[in-house]
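# Commentary on secondary and tertiary structure
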Amino acid sequence: MPRFTPLNVHSHYSLLNALPKIPELVSRAKECSCPALALTDNGNLYGAVEFYKACRQAGITPIIGVHAYMAFRTRLDKQAGVDNRRHRLILLAKNLAGYRNLLKLVTQSHLEGFYYRPRIDLEILGAHKEGLLAISPAFGSDIRHLLTARGEEAARERVAWYRERFGESGFFIEISRHPEIDGHENAMRQMIHLAKDAGA
């Protein structure tokens, strides 16, 4: 049986979203024989150094990432009732250049984009894409929003934007199964179709 690598994991540094502390996450990953583990806290890298050290000590490959908040328009727009909405994007560092770009993106999200949450946008993401891998989440992504609000063509254009910048092996669409949520299964069928067409 192939070993599993969790790529979207939140710790207690994701305030009001997750409870596990770093040692607990790493210990559980070791129990499950995970060869690697990603840490993708919401909009921050507070646990990155602690996580890296704990994984190395446990013999697990650390993957440092962030569950980024994407501005609904741009990171500089802060209009009440409009820009409190945001999308999500999972970013993982593939190497040292990617880690440095994560630092730049998270810093700019706090200094320039903060509005309810620290936000990035397509402009700075495109400027700091080197060494990063991107995953469009099943819930809350801009692609899912575009698919629902503006149709398949708009979603395809956004997928093409990501593929052009992150390459064929650097952008993926997350699929999940939640039959209890109204409309989710139909949306996932559309996302699967979109992913297959794009090779994502």
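In this text, all values refer to a predicted model and were calculated from it rather than measured experimentally.

Attention shifts here to helix α3 (residues 96-111). Side chains of residues three or four places apart in an α-helix project in the same direction, reflecting 3.6 residues per turn. With 16 residues, α3 extends 23 Å from end C-alpha to end C-alpha; this agrees with the ideal 22 Å at 1.5 Å per step. Buried residues of α3: Gly98, Asn101, Leu102, Leu105, Val106, Gln108 and Ser109, and no others. Across the axial projection of α3, the buried residues extend over an arc of 165°, all falling on one side. Exposed side of α3, more than 90 degrees from the buried face: Leu96 and Leu111 are the residues found there. For α3, the elements touching its buried residues are β2 (61-71), β3 (86-93), β4 (119-120), α4 (122-127) and β5 (132-136). Of the residues flanking the start of α3, the one acting as N-cap is Asn95, its side-chain oxygen 3.2 Å from the backbone nitrogen of Ala97.

So, on to the environment of Arg156. Here Arg156 lies in helix α6 (residues 152-166). A relative accessible area of 27% means that Arg156 is categorised as partly exposed. Between the alpha carbons of Arg156 and Asp197 there is a distance of 9.1 Å; along the sequence they are 41 residues apart. For Arg156, the contacting residues outside a window of four places in its chain are His193, Leu194 and Asp197.

Each value, and the rule that gives it
- Residues numbered from 1 in each chain as written.
- Predicted model: local features only at pLDDT ≥ 70, side-chain atom pairs only at ≥ 80, totals over all residues.
- Heavy atoms only, no water.
- Helix = DSSP H or I, 4+ residues; strand = E, 2+ residues; numbered from the N terminus.
- Expected span 1.5 Å × (residues − 1).
- Buried < 20%, exposed > 50% of the residue type's maximum accessible area, 1.4 Å probe, protein only.
- Arc of directions from axis to C-beta.
- Contact = heavy atoms within 4.5 Å.
- Polar contact = N/O pair within 3.5 Å; in protein donor to acceptor, adjacent residues only side chain to side chain.

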